[in-house]
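This is what each chain is made of:
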Amino acid sequence: MTTDLRLVPAALAAWAAAWGLTTGAGGTGAAPVVVTVAAAGAVGAALVLALAGPADGRPVRAPGAPSTQRRRVARVAAHVLLALGVVAAVAFSVRVHAVGRAPVEALAAQRADTTLTGRVVADGGPGAFGAGESWVLAADSLTARAVTSRVSARVEVTTATQAPPYGARVVVRGRLSPAEDGAPESARAAAEAAQIVRAPAASVRATNAMRAALLDVTADLSPQAQGLVPGIAVGDTSRLPADLAEAFRATGLTHLTAVSGGHFAIVLALVTALAGAVRAPRAVRVTLVAVVAAGFVLLVRPDPSVQRAAAMCAVTLLGLVLGRPATSMPSLAACAAVLLCGDPWLARSFGFALSCAATMGLVLLAPALVRRLAPWLGRGAAFALAVPIAAQLACGPVLVLLSPAVPTTSILANLLAAPAVAPATILGLAATLTAAWWPAGAQALAWLAGGATWWIATVARWCAALPGAALPWPGGAVGALALLAATAALLVLVLRRGPGDGWPMAWSESGRRALRGTRASARAAITRFRRGATTGRDVRMASGVLVVVLVVVAGASAAVVRIAPARGDVPTDWQVVACDVGQGDTLAVRTGPASAIVVDVGPEGDAAGRCLDRLGVTRVDLLVLTHDHLDHVGGLAAVLAGRQVRAAWVSPLDEPAANARRTAAELQAAGVPPRVPDVGETVHLAAGSWQVDVRVLGTGIAGGAQHSSVGRASAEGDGVNDSSLALELSARGPGGALDLVALGDLEEPGQDALLASLRTGGPPGVADGVDVVKVAHHGSASQSAGLARLLHPRVALVSVGAGNTYGHPTGRMLGLYAGVGSTTVRTDECGTAVLVVRGGRVGLACT
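Note that this is a predicted model, so its numbers are computed, not measured.

Asker: How would you summarise helix H20 (residues 607-615) if you had to cite specific residues and measurements?
Answerer: Quick reminder: α-helices carry 3.6 residues per turn. Residues three or four places apart thus point the same way. Those residues of H20 that fall on the buried side of the exposure criterion are Ala-608, Gly-609, Cys-611, Leu-612 and Leu-615. Viewed end-on, H20 has its buried residues packed into an arc of 160 degrees, placing them on one side of the element. Contact partners of the buried residues in H20: strand S9 (576-578), strand S10 (587-592), strand S11 (595-599) and helix H22 (636-640). Immediately beyond the C-terminal end of H20, within one or two residues, lies Gly-616, with a positive phi of roughly 80 degrees.

Asker: How would you explain the confidence of the model for the protein if you had to name every residue and give the values?
Answerer: Mean pLDDT over the protein: 80, with 80% of residues reaching 70 or higher. Every residue in residues 25-30 scores below 50 in pLDDT, and together they form six contacts with partners more than four places removed in sequence or on other chains.

Asker: Would you mind going over helix H10 (residues 328-342) in detail, with residue names and values included?
Answerer: For H10, with 15 residues, the first-to-last C-alpha span of 21 Å sits near the 21 Å given by 1.5 Å per residue. Summarising burial for H10: eleven of the 15 residues are buried, a large majority. Those residues of H10 that sit buried are Met-329, Pro-330, Ser-331, Leu-332, Ala-333, Cys-335, Ala-336, Ala-337, Leu-339, Leu-340 and Cys-341.

Asker: Would you mind going over the environment of Val-683 in detail, with residue names and values included?
Answerer: Along the polypeptide, Val-683 turns up in strand S16 (residues 682-687). C-alpha of Val-683 to C-alpha of Leu-622: the two residues are 61 residues apart in sequence and 9.6 Å apart in space.

Asker: An account of the sheet that holds S16 is requested, with residue identities and associated values reported.
Answerer: Spatially, S16-S17-S20-S21-S22-S23-S24 is the arrangement adopted by the seven strands of the open sheet, whose pairing is mixed. If you trace the sheet from one side to the other, it starts and ends with S16 and strand S24 (823-826), each paired once. Between one strand axis and the next, the sheet turns by 20 degrees as a mean value, whatever way the strands run. Across seven bridges, the pairing between strand S20 (residues 726-733) and strand S21 (residues 736-742) is antiparallel. Opposite Leu-729, over in S21, you have Leu-740 as the bridge partner. Each of S16, strand S17 (690-698) and S20 touches helix H6 (residues 242-251); the most contacted strand, S17, lies at about 150 degrees to it.

Asker: Can you lay out the pairing of strand S23 (residues 795-798) for me, pointing to particular residues and giving the numbers?
Answerer: Taking every second residue as pointing to the same face, both faces of S23 are buried, with Val-795 and Leu-797 on one and Ala-796 and Val-798 on the other. Two elements, strand S22 (residues 772-774) and S23, share three bridges in a ladder whose sense is parallel. Pairing of Val-772 across the sheet is with Val-795, part of S23. For the crossover from S22 across helix H26 (residues 785-791) to S23, the handedness is right-handed. Where S23 and S24 come together, four bridges link them in parallel fashion.

Asker: Requested: an account of the packing of aromatic side chains, with residues and values cited.
Answerer: Going through the model one piece at a time under the given rule, you end up with three aromatic pairs. Ring geometry for Trp-15 and Phe-352: centres 5.2 Å apart, planes at 35 degrees, overall tilted. Note that Trp-15 is positioned in helix H1 (residues 8-21) and Phe-352 in helix H11 (residues 350-364), a separation of 337 residues in sequence. For the pair Trp-15 and Phe-352, a shared accessibility class is recorded, and that class is buried. For the ring pair Trp-454 and Trp-455, a centre distance of 6.4 Å and an interplane angle of 45 degrees mean the geometry is tilted.

Asker: I'd like a description of the pattern of salt bridges, backed by residues and values.
Answerer: Under the criterion given, the structure shown has 17 salt bridges. Note that Glu-185 is salt-bridged to Arg-154, the shortest N-O span being 4.0 Å. Here the residue Glu-185 occupies a position in the loop between strand S4 (169-178) and strand S5 (187-198), and Arg-154 occupies one in strand S3 (residues 147-159), the gap between them amounting to 31 residues. Under the relative-accessibility criterion, Glu-185 is labelled buried at 14%. For Arg-826, the salt bridge identified is with Asp-828, shortest N-O distance 2.8 Å. Through salt bridges that share partners, Asp-123, Arg-211 and Arg-301 make up one connected network.

Asker: Mind laying out the nonpolar core, listing which residues take part and the relevant values?
Answerer: Of all hydrophobic cores here, the largest spans 33 residues; its most connected members are Leu-587, Ile-597, Trp-649, Leu-729 and Leu-797. If we ignore the near neighbours within four places in the chain, the residues touching Leu-797 are Ala-578, Leu-587, Val-772, Val-773, Lys-774, Val-775, Val-825, Ala-833 and Leu-835.

Asker: Could you give an account of the state of the cysteines, with specific residues and numbers?
Answerer: Applying the stated criterion across every chain yields a total of two disulfides. Covalent S-S linkage joins Cys-579 and Cys-611, the inter-sulfur distance amounting to 2.0 Å. Taking the sign of the torsion about the S-S bond as the criterion, the disulfide between Cys-579 and Cys-611, at about -75 degrees, is left-handed. Of this pair, Cys-579 sits in the loop between S9 and S10 while Cys-611 sits in helix H20, and the two are 32 residues apart along the sequence.

Asker: Break down unusual backbone geometry for me, citing the residues and quoting the values.
Answerer: The omega torsion across Glu-655 and Pro-656 is -10 degrees, close enough to zero to call that bond cis. When you line up the elements, Pro-656 lands in the loop between strand S14 (648-650) and helix H23 (657-669). Cis geometry marks the peptide bond from His-808 to Pro-809, where omega comes out at -10 degrees. Following the sequence through the fold, Pro-809 ends up in the loop between S23 and helix H27 (811-819). Of note, Arg-145 is a non-glycine position whose phi angle comes to about 55 degrees, a positive value. Checked against the element boundaries, Arg-145 lands in the loop between strand S2 (133-144) and S3. Of note, His-778 is a non-glycine position whose phi angle comes to about 60 degrees, a positive value. Residue position: His-778 is located in the loop between S22 and H26. Accessibility expressed as a relative area gives 2% for His-778, which makes it buried.

Parameters at a glance
- Residues numbered from 1 in each chain as written.
- Predicted model: local features only at pLDDT ≥ 70, side-chain atom pairs only at ≥ 80, totals over all residues.
- Heavy atoms only, no water.
- Buried < 20%, exposed > 50% of the residue type's maximum accessible area, 1.4 Å probe, protein only.
- Helix = DSSP H or I, 4+ residues; strand = E, 2+ residues; numbered from the N terminus.
- Arc of directions from axis to C-beta.
- Contact = heavy atoms within 4.5 Å.
- pLDDT = per-residue confidence, 0-100.
- Expected span 1.5 Å × (residues − 1).
- Pairing = 2+ DSSP bridges.
- Axes fitted to C-alpha atoms, helices over the stretch in contact; angles between N-to-C directions.
- Right-handed = clockwise from strand over helix to strand, strands pointing away.
- Phe/Tyr/Trp six-rings, centres within 6.5 Å; stacked < 30°, edge-to-face > 60°.
- Salt bridge = Lys/Arg side-chain N within 4 Å of Asp/Glu carboxyl O.
- Core = buried A, V, L, I, M, F, W, Y, C linked by side-chain atoms within 4.5 Å.
- Disulfide = S-S within 2.5 Å.

Rendered as structure tokens:
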């Protein structure tokens, strides 16, 4: 039976148009181009699919018969009109949203003080570095400069106090700042607090109480259960331990805490079974399932993946009411197109993309894999194995866009964790429903759910620790397309069905033959694959493509791991970068796909800003200005321009005074109040497969008394250097971990004071040595031999300008770090120095 793909071109057209039109340029002159390209692609796909023949498996009359020709013309016209219609609908939706967003975006660009009124549409989470809470407001009224306007825009709000309850109507007074390009939010706002003017609706209050009560009854459980029981039950990951969250990402288990179709299937299957057990009529069953599904959406919150699952549930129920059961692929395509027309920004949600991709994999690939594996494993085992394989193959190209690596243990982890998922979900939901009125019973249920989540956590940590758990892979669109091509070729090899030749034999035969064939033969091969009748020649062609793709990818992956003096493009999996800003400092440590911690911003000019642009950094999670010398703060304006900066740390010494005043004014104007951190203060940042732990090692102040060198001139400088912030940054990416210590411009007295502090009470990791040290003061002669011996880094990074008149880096510094076994990397020789970690090995690319 052939899969019905007739609605797929329309869904893809909606996605392409929504993606293009929700960029910053998409709402202006680029809109006609985006719509034209999306429409042309949709029409082309629709024509190909329509001319290929009926997709429902029905026989047609002999070619050339009048009725056949008329039917084909009508089919072509319907496909083309549908594809054009969804593109037009998406364009119209973006235009309508733009009208409601425009006033907010305009005031955000001016960083204006405003009063916003609206409804809370996202639960609060930790603000930047634990400073208050961040949540989302659906604003419908805006007052600025004595003028009140009607708006329709989402605003990310950060308040110093606890976030208001989900669903409440609130008033917020604060300063706006621009949101990231393509974000669903129109702006960000910083405010002291939110004033609640209307409580949430009764149904929403009930779900809020259930979620809060679940956190209460799980508070005394083990750390994994505190995080996983609420995470699997209702998608609340606020207490998930950082190491466990990383293990979930590395093993492809994050879908367990991102509520989507799997959770709906478990809940609704249980409800259907209970209704069937009491012999409820069909109308009652359908109504009951609809009510439970709606309540479940309120409980877990309508995130993108939940919207997709709920929409498909609605289509299925509608089909049952009408007596026409819906098929999966048309339902998925229709739901995706409709949701994208309603909210075009869903096209940029990785959660929505992964949910759709996983569903598509289960619909298109799982049945074929079951048929292939069943003769060898039996139908039950084949189904258990086919589901994670299909989901991983479908989601792989999307996951590569988030992290340039392919998880090799994902299928194993999902297979091992599967038996515990349903018990954890059902018991967790039961605890949620009873926690508000029967805490003792709910605590017992949560404890039982914790037993199931213990197994899931154990599987995640064990699989993540296996050698080769992540295969390095090129990132970005190129990596996604390469993985897509490799996946398609592999599927042709595995799923081929020919008389008398099993796929193991075909695989070995294909490895001995070269790729050949013309365009016509390739088209015929695709047609045969759709009909499930591929030939040996098709297998040979697919295997050749697979080999070529893997060779190219392997070569690209290996090219960056070695230390190479040649300059080139920035590796997509960069982890730490010392920007070439001349005689100054700018260091970027990656915290996510497009975010980083930035330490110092170099001298005056746009060198630091251009470096961050090149790295694709659109959000600075933490900006650290180690001290106020111009070669460390001069480039601040270029770094702030067009980027979201969530928090800023500065030195405790406001000298030179003019530089300090200018820096503070620029940060305040950007809506980022500067703050002096405390010694020992720690921050954890994570997004996607990236995470960084930051610890303040020194601030020029120890034990409440200033270092004797602070404010006093020394051999090199005016005493300000020893007021530099010193940091330890422990970074982890898909390829492994890297520890770095950044010393600012500390001179020998300040370094000796830091050494004494580390020896008496410093973090144990630093005392055991680190991977990288950002050498103090551009490699001046004022270095502490004891600190160099304690840290003994593998790499000593020196940020220094070519031909500088200071003699940096000095022979003393170079000899000192060479003596402790360090490899020195200089930006005057290397340019922008990029450090990556692949397979646990630290590599360098000079760009």
